[in-house]
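What follows is the residue order along each chain.
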Amino acid sequence: MFVAETTVGVRYCSFEEEEAFLRKASAEHRLHCPDCKGKVIFRAGSRTPHFAHMRECNNPNRYTEPESLTHRTGKRHLYERLKTLYPSSEVLLEYYLIETKQRADVMVIHENGERWAFEYQCSKIPGYVWEDRHQLYETINVKDFWILDGSMIRENDRYYQINGLESNIFKKTDYLIYYSPDQTMITLHWGGNNYGTEINPNFTFQEMLEKCFIDLSVLPCLSSLMMIKKNQDYERAKNIRRLEYEREKQKYQEEDLARERRKTFEKDKTKKSLNEKYIEIRNNRINLTRNMTTNEKQLFKQLCEKYLIEEENFPGFCLSEVEYSDLILTPPALWQLWVCDYLFTGYKIRKKKGKDTTIWTDYLKEKFCELRKHNILRVKSSSERHENYIFTLYAFLTLLCSVGIISRLGISTGKFYRINTDVLPVIVGHEENVFIQMYYEGFQHEKINKMMTLYKDHINYALATKS
């Protein structure tokens with residue numbers, strides 16, 4: 001971010017103040033995030049001077065966009081240009097609105113008190129998210145102007161292809177504005193026909209940012225012109241879009257509930273002391289089949305014989321409490337060991353690319369669900385749509401990535417994983433495996449860390465001997 005402030009509310013811009021002054025203020029810990037009030041530090045080097053949080057930001061603005069180079073450059077260009085266009089107005093970068101907990105990329109406050117919020121949107125957020133943000137601005141009488149990244153422009157013959165975000169903005173305002181920071185080029189599409197995923201604008205304007213900028217005072221009037229040509233058919237279509245928006249909003253709320261559930265899960269883990277957790281885990285290891293059904297015990301016995309493991313050397317990470325684990329009634333010792341076994345021996349779901357062996361998680365999920373048909377996997381029924389025991393499987397795959405048994409193929413997808421080893425890393429001793437389980441459940445202690453150093457060496461040896 002480019003803006004930080006002191007405890008008394010004095011704002012500093014990272015590229016407008018003297019570097020020596022900001023470095024001194026940063027060293028004295030006098031700079032804070034305008035949103036969460038957490039301490040920030042000043043950074044300057046090969047990148048544009050900016051501020052960064054010293055710790056993870058508890059940002060109340062759920063709409064914050066990741067600060068990519070394009071986003072940082074674009075909003076800085078717009079900020080500098082708007083200061084030139086409106087010299088008698090107050091132009092503020094990264095302005096936080098307490099009323100709606102939003103942070104506008106650039107805010108222009110005119111002499112008459114009118115406020116204009118400028119958002120430089122680089123990511124293709126869903127249309128309903130934009131609608132939500134736009135309505136928040138409307139509730140506090142702030143005119144919002146949305147300028148999209150120029151890379152979103154897709155021309156097809158005499159039409160322009162648009163995504164859901166562009167479609168919602170165009171339906172509401174009858175115009176689209178784009179900015180390309182690398183070319184400093186502004187593009188405007190206004191009026192015309194909207195064919196869902198395509199538009200045929202009546203007017204297209206394109207010019208360099210420093211030479212010409214659209215008269216923004218005219219743009220709010222365009223939405224009024226659009227209102228004049230609305231008819232009953234359009235109203236009916238609007239009602240249909242409203243229903244779709246409500247469904248999308250409900251989905252977004254369910255995702256919020258899932259995030260809250262995750263936070264509750266993390267808090268519950270920290271309630272128990274180290275000693276209480278150690279005793280609980282050790283008692284659970286004494287009889288791993290205590291709460292298993294007959295079918296579950298039979299499969300568990302086969303898997304233990306296959307990997308030569310008993311209660312004393314049962315891998316600690318195969319007993320870990322992961323997120324959503326309360327939705328599976330079958331003890332984790334069985335279903336987590338089954339997942340490991342399937343990763344090692346499920347040849348039908350594996351494919352080779354050179355020396356790498358990969359797994360497709362959709363097929364693994366299908367086989368995981370089949371365990372219920374054989375009365376091996378018992379799950380807790382839930383009326384909540386956002387609660388599904390399959391999420392527990394995904395959480396355990398994430399844990400196995402931490403162990404090193406598998407690794408994700410690509411950042412943007414969780415469909416494929418690389419199998420790093422066919423060897424189950426086993427170490428003898430109840431205490432040792434208790435420490436391993438505590439480590440992967442987020443507990444920290446000198447003895448735990450010492451044990452994990454030895455265990456990671458053991459895992460590295462297993463990776464080196466991959467079959």
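For the structure given in this document, a descriptive report is provided here.

Definitions and limits used
Residues numbered from 1 in each chain as written. Predicted model: local features only at pLDDT ≥ 70, side-chain atom pairs only at ≥ 80, totals over all residues. Heavy atoms only, no water. Phe/Tyr/Trp six-rings, centres within 6.5 Å; stacked < 30°, edge-to-face > 60°. Helix = DSSP H or I, 4+ residues; strand = E, 2+ residues; numbered from the N terminus. Buried < 20%, exposed > 50% of the residue type's maximum accessible area, 1.4 Å probe, protein only. Core = buried A, V, L, I, M, F, W, Y, C linked by side-chain atoms within 4.5 Å. Contact = heavy atoms within 4.5 Å. Pairing = 2+ DSSP bridges. Axes fitted to C-alpha atoms, helices over the stretch in contact; angles between N-to-C directions. Parallel < 35°, antiparallel > 145°, perpendicular 65-115°, else oblique. Left-handed = near helix turned anticlockwise from the far one by under 90°. Nonpolar A, V, L, I, M, F, W, Y, C, P; charged D, E, K, R; others polar.

What the rule picks out here adds up to 15 aromatic pairs. Ring centres of Tyr86 and Trp116 lie 5.7 Å apart, and the angle between their planes is 85°; on these two criteria the pair is classed as edge-to-face. Taken together, the residues span a long stretch of sequence, with Tyr86 in the loop between helix 2 (69–85) and strand 5 (90–97) and Trp116 in strand 7 (residues 115–121) at a distance of 30 residues. For Trp116, a relative accessible area of 5% gives the class buried. Judged by centre distance (5.0 Å) and plane angle (20°), the ring pair of Trp338 and Tyr342 falls under stacked. Residue Trp338 and its partner Tyr342 are located together in helix 9 (residues 332–345), separated by 4 residues, close to a single helical turn. Of the residues examined, Trp338 reaches a relative accessible area of 8% and is grouped as buried.

Here the focus is the nonpolar core. Of all hydrophobic cores here, the largest spans 61 residues; its most connected members are Phe317, Val339, Phe368 and Leu400. Broken down by secondary-structure element, the contributors of at least two residues to this core are helix 7 (274–286), helix 8 (294–307), helix 9, helix 10 (361–373), helix 11 (390–403), strand 19 (416–419), helix 12 (430–440) and helix 13 (446–464). In terms of residues, this core owes the most to one element, helix 9, which gives 10 residues. Beyond its immediate sequence surroundings of up to four residues, Leu400 is in contact with Phe317, Val339, Cys340, Leu343, Ile405 and Ile406. If you look at the next biggest cluster of nonpolar residues, it comprises 26 residues, including Ile125, Val129, Tyr137 and Leu176.

Here we take up the sheet that holds strand 8 (residues 142–149). The 7 strands are arranged 5-6-7-8-11-12-15 in an open sheet whose pairing can be described as mixed. The outermost strands of the open sheet, each flanked by one partner alone, are strand 5 and strand 15 (203–208). Ignoring which end each strand starts from, the neighbouring axes of this sheet average 30° apart. Where strand 7 lies against strand 8, 7 bridges are found, and the strand directions are parallel. The residue bridging Arg115 from the neighbouring strand is Val142, located in strand 8. Against the sheet, helix 4 (residues 164–173) engages strand 7, strand 8 and strand 11 (175–180), with an angle of about 130° to strand 11.

Turning to the sheet that holds strand 9 (residues 154–156), a few remarks are in order. Taken together, the 4 strands give an open sheet; going across it, the order is 9-10-14-13, and neighbouring strands pair in antiparallel fashion. Strand pairing shows two members of the sheet lacking a second neighbour, strand 9 and strand 13 (193–194), which therefore form its edges. Looking at chain direction, strand 9 and strand 10 (residues 159–161) are connected through 3 bridges and run antiparallel. The partner of Asn156 across the bridge, within strand 10, is Tyr159.

Below, the discussion takes up the pairing of strand 5. Among the 8 residues in strand 5, 6 count as buried, and that is most of the element. Sheet topology note: the strand 5/strand 6 (residues 102–109) ladder contains 7 bridges and is antiparallel. Residue Leu97 lies in a different strand from strand 6, and its bridge partner there is Gln102. Counting the residues between successive antiparallel strands, the hairpin from strand 5 to strand 6 contains 4 residues, one of them, Lys101, with a positive phi of roughly 55°.

Interhelical geometry of helix 10 versus helix 11 gives an angle of 130° and a closest axis separation of 11 Å. In this view, helix 10 runs oblique relative to helix 11, as classed from their interaxial angle. The handedness of the crossing between helix 10 and helix 11 is right-handed. Contacts between helix 10 and helix 11 involve Thr361, Leu364, Lys365, Phe368 and Cys369 from the former and Ile390, Leu393, Tyr394 and Leu397 from the latter. Partitioned by chemical class, the residues of the contact of helix 10 with helix 11 number 7 nonpolar, 1 polar and 1 charged.

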